[in-house]
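Coordinate analysis (summary)
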Amino acid sequence: MATSGSNASSSKSKLPLTKDQVVTGFNELRQQQRMMASRISEVEMDMKEHDLVIDVLKGVDPSRKCFRLVGGVLVERSVNVVLPGLVSNREKMKEFVSSLKTSLENKGKEINQFRETHGIQIKGDEAKDDKEVESSSKGGERQANILANV
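Conventions adopted
Residues numbered from 1 in each chain as written. Predicted model: local features only at pLDDT ≥ 70, side-chain atom pairs only at ≥ 80, totals over all residues. Heavy atoms only, no water. UniProt positions renumbered as here; feature names shortened; annotations may be inferred. Salt bridge = Lys/Arg side-chain N within 4 Å of Asp/Glu carboxyl O. Helix = DSSP H or I, 4+ residues; strand = E, 2+ residues; numbered from the N terminus. Buried < 20%, exposed > 50% of the residue type's maximum accessible area, 1.4 Å probe, protein only. Axes fitted to C-alpha atoms, helices over the stretch in contact; angles between N-to-C directions. Parallel < 35°, antiparallel > 145°, perpendicular 65-115°, else oblique. Left-handed = near helix turned anticlockwise from the far one by under 90°. Nonpolar A, V, L, I, M, F, W, Y, C, P; charged D, E, K, R; others polar.

As annotated in an unreviewed UniProt entry, the protein carries the name Prefoldin subunit 2 and is attributed to Elysia crispata. According to the UniProt record, the Function (unreviewed entry) comment for the protein reads "Binds specifically to cytosolic chaperonin (c-CPN) and transfers target proteins to it. Binds to nascent polypeptide chain and promotes folding in an environment in which there are many competing pathways for nonnative proteins." Database annotation for the protein, UniProt heading Sequence similarities (unreviewed entry): "Belongs to the prefoldin subunit beta family."

Below, the structure is given as structure tokens:
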């Protein structure tokens, strides 16, 4: 059964895509890339929060009680129990962010390959190219930006 499913998907990929299918596919890839970038920033913010808590707890007596939110439940523990768990969680988040960044780079390459394969041009890119040609044709002309307090 698994072979028939893969044959169907390979036959679909050989058919030429319509403009709407290309646009939809490109937009889906970009949405996936945005979601990855958003997830990276979310995890990085959590890492910063962990860093703040770890720094505070390092300067506290290890036998002092502290509270930790576990699955929506506030649990009382001692610092010497909570601190190693926080450090471990932070390291796992660091590894996760690293793998997400690798996935994000791969998704970017996939998007660029999709653009080249289907000849997609983004309107902003065309305007940028026109401005570059325009600015290079001016040659030695240069505008001075002046900021003055009166």
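Having put the structure on the table, let's press on.
**Quick word on the pattern of salt bridges**
When the charged atoms of two side chains lie near each other, side chains of opposite charge can form a pair. Evaluated as defined, the whole model comprises five salt bridges. With a shortest N-O distance of 3.3 Å, Glu44 and Lys101 are connected by a salt bridge. Of this pair, Glu44 sits in helix H2 (residues 19-58) while Lys101 sits in helix H3 (residues 79-118), and the two are 57 residues apart along the sequence. Linking Asp51 and Arg90 is a salt bridge whose minimum nitrogen-to-oxygen distance equals 2.3 Å. Note that Asp51 is positioned in helix H2 and Arg90 in helix H3, a separation of 39 residues in sequence. Of the residues examined, Arg90 reaches a relative accessible area of 17% and is grouped as buried.

**Remarks on the packing of H2 against H3**
The N-to-C vectors of H2 and H3 enclose an angle of 160 degrees; their axes lie 8 Å apart at closest approach. The orientation of H2 with respect to H3, classified from their angle, is roughly antiparallel. Taken as a pair, H2 and H3 cross one another with a handedness that is left-handed. Among the residues forming the contact of H2 with H3, the class breakdown is 23 nonpolar, eight polar and 12 charged.

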